[in-house]
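Breakdown of the fold
Chain residues, written in single-letter form:
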Amino acid sequence: MKKYLFLSIASLFLASAAFAADSQIWDAMRIQNIYGYGQVESLGLGPLFTMLQANYFAQIFLAVLIGVPAVFLLHYLVIGPKVFSHDGKKIYAFSIFNRIVHQVAAISFIVLIPTGFIMTFGSYFGGGEFVRMMKDLHGIATISFGIVVIPMFLMWIKDMLPNFDDIKWMMIVGGYLSKEKKPVPAGKFNAGQKSWYWIATLGGMVMILTGATMYFLDFDIEMVRSMTGLSQIDLLRVAAILHAFFGMLVVALFFTHVYMAVFAIKGAIHSIITGYKEEEEVEILHSSWYKKLKKEGKI
Amino acid sequence: MSNNEMARMKFYCDDQRCIECNGCSVACAEAHELPTGVSRRKVITLNEGVEGKEFSTSVACMHCTDAPCEQVCPVDCFYIREDGIVLHDKDVCIGCGYCLYACPFGAPQFPRDGAFGTKGAMDKCTMCAGGPLETNSAHERELYGQNRIAEGKVPMCAAMCSTKALIVGSADEVAKIYRTRIAAKGKGVQSAPYGWSKAYSN
């Protein structure tokens, strides 16, 4: 047993030594990595990244951070929340597996999003030890999200495929612009929830991959190089740009998701804790699913 | 300097003189006691094997005008001295790597000193001007290396360059030497120094 432990530790050290020796950035590859010398046509990703990061990324994140909640505050004040009876019958919507997977992802996001914002606005926190700690937390929370993102993708994909209800739902913005309780065309998940699902899972996977690229920085994976055809630094630049872009989408929809579950539909958050949705809520907000359940005699 | 304005410090590597001895790189690493795996200055050979076009040059942080690294840093750890030297505060740096993505020369490097191989604070050439800590203090020396500029000395790499290919000094002085050399040669076309169009275009 000891021998194996020793061997695995020794191989770890060897692996990290090889890591350091074959730098993809600062050794022989440095020439490919340096932008703009003579004849090699550059993709111009360096200036593009510099321009975006210097002038736009933090500003857009600030706009999302303030703008999205502001719109919802206005919605809450003008139109107000939807209130459904919590005394009626209940419909079982989320299995225990669904709920565990969702909760792990939820906790990960609760760590990932504030730590990401703190890094984006790092200068206002003075940088240094505190922001460094937030950066490490951002990396740790990625691991738990990485574990559940594929189960989450698979467990809901059947219900998340687009259908005609989604177009109708989009046309009336899910009925959230009126105070009336009229049945809204939607299956188990409405078009808004579906958008969030695809951004959170596929977008989340892009976030993990681009984040890992930036975290490991100097690595040599033949497949990545042959697939992208990019030099290591250009790969990092693409990763940074994509990470910021998808970050904006994920954050904006995350805020929406929280607003819907906590404020816009009173008490809706309980469904992901207990697994049961209110019958009246399903009848109105997921009318197609309600009809289907009724036809199958499940209610 | 004849006027009161601060001199603008620049690096110039004469690629007709560089013999790829790597002395600058070794001198720098030794003078600043850099950790293994970090070399602030590196000699690269371009167009290797292409007859008549091959040349070597020494690359480090060029201390650019409007330094891209300074523009992208999310924690604003960079500061640019009056003489144009671009420095950074390692106690503020979070090791995110953005400066490396912005840099046209691949200058910023990240020693992996944290647990689980997290990137430590960025390290790069300081033009031998230390950092924001007390000049020539033990702490400054430990984090940033020697502060030769404060002592009135030439940066280590240029001081030891055997062919005097690598020159560092005020823009005026460097330009004077550059012109004298071209005039002395008296033939051929001399292109602008490698990297200058990226570093000092503004």
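Residues numbered from 1 in each chain as written. Chains lettered and ligands numbered in written order. Predicted model: local features only at pLDDT ≥ 70, side-chain atom pairs only at ≥ 80, totals over all residues. Heavy atoms only, no water.

The next subject is the overall build of chain B. Counting its secondary structure elements, chain B contains 7 helices and 6 strands. A compact globule built from 202 residues should have a C-alpha radius of gyration of about 17 Å, and chain B, at 17 Å, falls within 12% of that. The C-alpha extent of chain B, read off along each of the three principal axes, is 55 × 45 × 30 Å. By sequence separation, contacts in chain B at least 24 residues apart represent 56% of the contacts at least 6 residues apart. In the form shown here, chain B has an accessible surface area of approximately 9,400 Å², with 50% of it arising from carbon and sulfur atoms. Charge centroids of chain B, computed over 22 positive and 24 negative side chains, lie 7 Å from each other. (Helix = DSSP H or I, 4+ residues; strand = E, 2+ residues; numbered from the N terminus. Rg over C-alpha atoms; globule rule 2.2 N^0.38 Å. Contact = heavy atoms within 4.5 Å. Areas by Shrake-Rupley, 256 points an atom, 1.4 Å probe, with all protein chains shown as cover. Lys, Arg positive; Asp, Glu negative; His and termini not counted. Charge placed at Lys NZ, Arg CZ, Asp CG, Glu CD.)

Under the definition given, this model contains 28 aromatic pairs over all chains. With a centroid separation of 6.3 Å and 85 degrees between ring planes, the pair formed by A:Tyr76 and A:Phe263 is classed as edge-to-face. Here A:Tyr76 is found in helix α4 (residues 57-78), whereas its partner A:Phe263 is found in helix α10 (residues 232-264), with 187 residues between them in sequence. Relative accessible area serves as the criterion here: at 28%, A:Tyr76 is assigned to the partly exposed category. Geometrically, the ring pair formed by A:Phe153 and A:Trp198 is edge-to-face, given 5.9 Å between the ring centres and 75 degrees between the ring planes. With A:Phe153 in helix α6 (residues 128-160) and A:Trp198 in helix α8 (residues 191-216), this pair connects stretches of sequence that are 45 residues apart. Judged by relative accessible area, A:Trp198 falls into the partly exposed class, the value being 25%. An aromatic cluster of three or more residues is present, and its members are A:Phe61, A:Phe109, A:Phe117, A:Phe121, A:Phe145, A:Trp196, A:Phe254 and A:Phe255. The ring centre of B:Trp196 lies 4.6 Å from the NZ or CZ of B:Lys10, which sits over that ring. Between the NZ or CZ atom of B:Arg41 and the centre of the ring of B:Phe11, over which it lies, the distance is 4.4 Å. (Phe/Tyr/Trp six-rings, centres within 6.5 Å; stacked < 30°, edge-to-face > 60°. Buried < 20%, exposed > 50% of the residue type's maximum accessible area, 1.4 Å probe, protein only. Lys NZ or Arg CZ within 6 Å of the ring centre and 35° of its normal.)

Take the pattern of salt bridges next. When the charged atoms of two side chains with opposite charge come close together, those side chains can pair. Inspection of every chain in the model, using the stated rule, returns 18 salt bridges over all chains. Across the salt bridge formed by B:Glu33 and B:Arg141, the nearest N and O atoms sit 3.7 Å from each other. Of this pair, B:Glu33 sits in the loop between α1 (23-31) and β2 (42-46) while B:Arg141 sits in helix α4 (residues 138-144), and the two are 108 residues apart along the sequence. Judged by its relative accessible area of 41%, B:Arg141 is partly exposed. A salt bridge links B:Lys153 to B:Glu151, with the nearest nitrogen and oxygen atoms 3.1 Å apart. Residue classification places B:Lys153 among the partly exposed residues on the basis of a relative accessible area of 41%. A cluster of three or more residues bridged by salt bridges with shared partners is formed by A:Asp220, A:Glu222 and A:Arg225. (Salt bridge = Lys/Arg side-chain N within 4 Å of Asp/Glu carboxyl O.)

What follows concerns the interface of chain B and chain A. The accessible area lost on association of the parts is a frequent measure of interface size. At the junction of the two partners, chain B supplies 39 residues and chain A supplies 37 residues. When chain B packs against chain A, close to 3,100 Å² is buried across both sides, 58% of that on carbon and sulfur atoms. Looking only at chain B, the three residues that lose the most surface to chain A are B:Ile94, B:Tyr101 and B:Arg112, adding up to 21% of its buried area. Across the contact surface, chain B and chain A share 0 salt bridges. (Buried area = accessible area lost by both parts, 1.4 Å probe.)

Residues and elements named next belong to chain A. Remark: α8 packs on α10, axes separated minimally by 8 Å, with the N-to-C direction vectors making an angle of 145 degrees. Crossing hand, α8 versus α10: left-handed. When grouped by side-chain class, the residues that make up the contact of α8 with α10 number 15 nonpolar, 8 polar and no charged. (Axes fitted to C-alpha atoms, helices over the stretch in contact; angles between N-to-C directions. Left-handed = near helix turned anticlockwise from the far one by under 90°. Nonpolar A, V, L, I, M, F, W, Y, C, P; charged D, E, K, R; others polar.)

In terms of nonpolar packing, the biggest core is built from 126 residues, with A:Phe145, B:Leu100 and B:Tyr101 touching the most fellow members. The biggest single contributor to this core is α10(A), with 14 residues. When near neighbours in sequence (up to four residues on either side) are disregarded, B:Leu100 contacts A:Ile25, A:Trp26, A:Leu217, A:Ile233, A:Leu236, A:Arg237, B:Gly106, B:Pro108 and B:Phe110. (Core = buried A, V, L, I, M, F, W, Y, C linked by side-chain atoms within 4.5 Å.)

Let us look at the pairing of strand β6 (residues 166-170) of chain B. Side-chain direction in a regular strand flips from residue to residue, so the side chains alternate between the two faces of the sheet. All names here are of chain B. Burial runs high along β6: 5 of the 5 residues are buried. Pairing between strand β1 (residues 9-13) and β6: 5 bridges, direction antiparallel. What sits directly across from methionine 9, in β6, is serine 170. (Pairing = 2+ DSSP bridges.)

The next thing to look at is helix α13 (residues 287-295) of chain A. Residue and element names in this part refer to chain A. When we look at burial in α13, the residues that qualify are Ser287, Trp289, Tyr290 and Leu293. Angular distribution of buried residues about the axis of α13 spans 160 degrees; they occupy a single face of the element. Exposed side of α13, more than 90 degrees from the buried face: Lys291 and Lys295 are the residues found there. Where α13 is buried, its residues contact β1 (90-92), β2 (276-278) and α12 (279-285). Two residues or fewer past α13, glycine 297 is found with a positive phi of approximately 70 degrees. (Arc of directions from axis to C-beta.)

Limitation: the analysis is restricted to geometry and does not speak to function.
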